[in-house]
Amino acid sequence: MTTSNGHPPASQQHAATRLVTAGRDTQGQRGFVNPPVFHGSTVLYPTAEDLHAHRAEFTYGRHGNPTTRALQDVLMALEGPQCAGVGLAPSGLAAISTTLLAVLKAGDHLLVCDNVYRPTRNFCNGMLTRFGIETSYFDPLIGAGIEALFKPNTRAVLLEAPGSQSFEMPDVPAIAAAAHARGAIMIDDNTWATPLYHRSLEQGVDISMQAATKYIGGHSDIMFGTISANAKAWPKVSEAIRLLGVCAGPDDVYLALRGVRTLSVRLAQHHRSGLEMARWLAGRPEVDRVLHPALETDPGHEIWKRDFTGASGLFSIVLKPVPQPAVDTMLNTLRLFGMGFSWGGFESLAVPFDCSDYRTATKWAPGGPTLRLHIGLESVDDLKADLDRGFAALKAPL
């Protein structure tokens with residue numbers, strides 16, 4: 001079966017092909033491959049009758065334009081047939097906060113995975129608390145046991161798979177089944193793997209979010225968020241986006257559209273380089289443990305192998321006990337690994353972290369200093385040499 005233009009239908013195409021072809025209308029774009037960037041707030045109507053009826057493909061800049069439509073079409077194709085719509089937000093945190101406000105109201109109860117992105121936790125403990133919404137945190141490894149934590153007013157469950165610092169791997173289908181049995185919405189922060197490697201909407205998730213600042217953008221030059229939802233949840237999400245006035249600027253939309261076209265090749269390289277670096281680090285005498293679910297030795301590996309088709313370049317390591325000044329000396333010695341609180345771009349990063357002061361459902365006691373690494377697109381040999389110099393500095397007398 002082919003479409004009118006001779007190409008196989010999108011449902012029969014591989015994800016890498018859909019990333020390139022979806023959301024493109026070369027005829028409408030007068031032959032150009034990429035759509036133009038539409039800057040605009042006002043949309044003019046041809047007649048008073050059209051104005052009264054709001055009869056137009058686009059009605060106001062905040063509600064979208066041809067550039068945003070192209071990106072949404074690509075992301076829907078990437079998410080798969082369970083996706084009923086994609087909302088665009090100016091940051092990953094805006095995507096998270098918009099989602100939570102879409103599905104919760106005063107008096108509701110929310111269950112959140114204890115390894116969640118800390119700004120998400122701050123939003124739950126801050127603004128949601130002020131709105132009269134209770135949040136409880138649960139062990140990421142709880143699986144189907146989460147059913148014991150539900151209250152009569154539990155309306156949603158939020159998790160990260162895996163957590164983007166400590167990398168525990170929740171059992172998404174088991175938790176989703178428990179949530180749906182109690183009539184709750186299942187929400188997943190899917191930034192780490194993206195829908196390319198984790199089709200969470202097909203595993204029982206109702207709303208899948210991303211900090212598209214990371215791998216969708218891919219070049220460390222935008223702040224962006226996406227909210228993908230199934231048919232059950234999309235009306236709530238779209239209404240919240242409209243009522244809150246959430247929108248993304250056209251230049252960032254275009255950069256996200258540019259980035260997503262190369263997501264397949266970039267993420268494949270992050271996957272390869274990340275795993276090679278993780279295996280190399282696992283053999284280093286300075287390293288106690290590597291926290292990476294795609295490693296065969298990781299406690300979450302079997303779930304990762306079942307539910308994911310790939311991994312990204314982000315993981316953490318636990319160093320053997322050394323004083324913090326020694327870790328700082330190591331970090332200051334690195335030249336290819338920058339220090340910065342993001343990831344998903346072409347560059348490698350290293351930052352220390354400590355979850356112990358804000359985890360509440362679980363205890364974070366790794367046994368040594370911890371570093372989160374993002375493996376970028378540099379030569380793996382050069383990255384190993386850079387870390388080798390860093391480890392030499394780590395062991396040098398202070």
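Structure shown above.
Notes on the structure in this doc start here. Model, not experiment: these values are computed from the prediction.

## A closer look at the overall build of the protein chain
Each helix and strand in the protein chain was counted, giving 13 helices and 11 strands. Here the protein chain has a C-alpha radius of gyration of 22 Å; the compact-globule value for 398 residues is 21 Å, and the two agree. Taken over the C-alpha atoms alone, the protein chain extends approximately 80 × 55 × 40 Å along its principal axes. Out of the 398 residues in the protein chain, the part that is buried amounts to 53%.

## Things to note about the packing of helix α4 (residues 92–103) against helix α5 (residues 118–130)
It is at 10 Å that the axes of α4 and α5 come closest, and there the two elements cross at 40°. Of the possible angle classes, the one that applies to α4 and α5 is oblique. Seen along the crossing, α4 lies across α5 with a hand that is right-handed. Where α4 abuts α5, its residues Leu-93, Ile-96, Ser-97, Leu-100 and Leu-101 lie against Pro-119, Thr-120, Phe-123, Cys-124 and Leu-128. Looking at side-chain class alone, the contact of α4 with α5 contains eight nonpolar, two polar and no charged residues.

## Considerations on the side chain of Lys-214
Mapped onto the fold, Lys-214 is located in the loop between β6 (207–210) and β7 (225–229). No salt bridge forms around the buried Lys-214; measuring N to O, its nearest opposite-charge neighbour Asp-189 is 8.3 Å away. Each residue touching Lys-214, except ones within four places of it in the same chain, is listed here: Thr-191, Ser-342, Trp-343 and Gly-344.

## Examining the sheet that holds strand β3 (residues 134–138)
An order of β1-β7-β6-β5-β4-β2-β3 is seen for the seven strands of this open sheet, with the pairing classed as mixed. The open sheet has two edge strands with one neighbour each: β1 (85–89) and β3. In this sheet, adjacent strand axes meet at a mean angle of 20° when their direction is disregarded. Pairing analysis gives four bridges linking strand β2 (residues 109–113) to strand β4 (residues 154–160), with the strands arranged parallel. By the bridge assignment, Leu-110 is partnered in β4 with Ala-156.

## Quick notes on the packing of aromatic side chains
Considering all chains together, one arrives at three aromatic pairs under this definition. A centroid spacing of 5.7 Å and a plane angle of 65° characterise the contact between Tyr-215 and Trp-343, whose relative ring orientation is edge-to-face. Of this pair, Tyr-215 sits in the loop between β6 and β7 while Trp-343 is found in the loop between α12 (324–333) and β10 (349–353), placing the two residues 128 residues apart along the sequence. Judged by its relative accessible area of 7%, Trp-343 falls in the buried class. The side chain of Arg-121 reaches across the aromatic face of Tyr-137, ending 3.9 Å from its centre.

## Structural notes on the sheet that holds β10
Ordered in space as β8-β9-β11-β10, the four strands form an open sheet in which the pairing is antiparallel. Only two strands of the sheet have a single neighbouring strand rather than two, namely β8 (287–291) and β10. Neighbouring strand axes in the sheet, compared pairwise and without regard to direction, differ in orientation by 25° on average. Note that β8 and strand β9 (residues 314–319) share four bridges and pair antiparallel. Considered in β9, the bridge of Val-290 is made with Ile-317. Here helix α10 (residues 263–282) sits on the sheet in contact with β8, β9 and β11 (370–374), set at roughly 10° to β9.

## Quick look at the side chain of Arg-372
Relative to the helices and strands, Arg-372 is located in strand β11. With no salt bridge to any partner, buried Arg-372 finds its closest opposite charge in Glu-160, at an N-O distance of 7.7 Å. Looking at Arg-372, its side chain comes within polar contact range of the main-chain oxygen of Ser-164, at 3.0 Å. Apart from residues no more than four positions distant in its own chain, Arg-372 is found in contact with Ser-164, Gln-165, Phe-167, Leu-314, Phe-315, Ser-316, Ser-342, Trp-343, Leu-349, Ala-350, Val-351 and Phe-353.

## Details of helix α3 (residues 66–79)
If you check α3, its first and last C-alpha atoms are 20 Å apart, about what 14 residues at 1.5 Å a residue would give, namely 20 Å. Where α3 begins, the side chain of Asn-65 points an oxygen toward the backbone nitrogen of Thr-67, at a separation of 2.8 Å. Just downstream of α3 lies Gly-80, where phi reads positive at about 105°.

Reading the values: the criteria
The numbering scheme is per chain: residues are counted from 1 as the chain's sequence reads. pLDDT decides what is reported in this predicted model: residues at 70 or higher carry local features, side-chain atom pairs at 80 or more are listed and counted, and totals for whole chains, interfaces and linings draw on all residues regardless. In computing side-chain values, all of the structure's heavy atoms are included and hydrogens and water are not. The secondary structure listing takes helices from DSSP runs of H or I that are at least 4 residues long and strands from runs of E that are at least 2 residues long, numbered from the N terminus. We take the radius of gyration over the C-alpha atoms and set the globule estimate at 2.2 Å times the residue count to the 0.38 power. Burial here depends on accessible area, computed with a 1.4 Å probe over protein chains only, as a share of the maximum for the residue type. Under 20% is buried, over 50% is exposed, and the range in between is partly exposed. Each axis is a line fitted through C-alpha atoms, and for a helix only the stretch in contact is used; angles between axes span 0 to 180 degrees, taken between their N-to-C directions. What sets the label is the angle itself: under 35 degrees gives roughly parallel, over 145 gives roughly antiparallel, 65 to 115 gives roughly perpendicular, and the rest give oblique. We call a crossing left-handed when the near helix sits turned anticlockwise from the far one by less than a right angle, and right-handed when that turn is clockwise. Residue contacts follow a heavy-atom distance rule, with two residues in contact if any of their heavy atoms lie within 4.5 Å. Note that Gly is not counted as nonpolar here; it falls among the polar residues with everything else outside the nonpolar set of Ala, Val, Leu, Ile, Met, Phe, Trp, Tyr, Cys and Pro and the charged set of Asp, Glu, Lys and Arg. His is not counted here, nor are the chain ends, while Lys and Arg score as positive and Asp and Glu score as negative. The salt bridge definition used is simple: a Lys or Arg side-chain nitrogen within 4 Å of an Asp or Glu carboxyl oxygen. Strand pairing is assigned whenever DSSP detects at least two bridges linking the two strands. Here is the rule: rings of Phe, Tyr and Trp (six-membered ring for Trp) pair when centre to centre is within 6.5 Å. Planes less than 30 degrees apart are stacked, more than 60 are edge-to-face, and the remainder are tilted. When the NZ atom of lysine or the CZ atom of arginine is within 6 Å of a ring's centre and also within 35 degrees of its normal, the charge is said to sit over that ring. Definition of a polar contact: a pair of N or O atoms within 3.5 Å, with one able to donate and the other able to accept a hydrogen when the atoms are protein atoms, and with sequence-neighbouring residues admitted only if both atoms are side-chain atoms. Given the number of residues in a helix, its expected span is that number minus one, multiplied by 1.5 Å.

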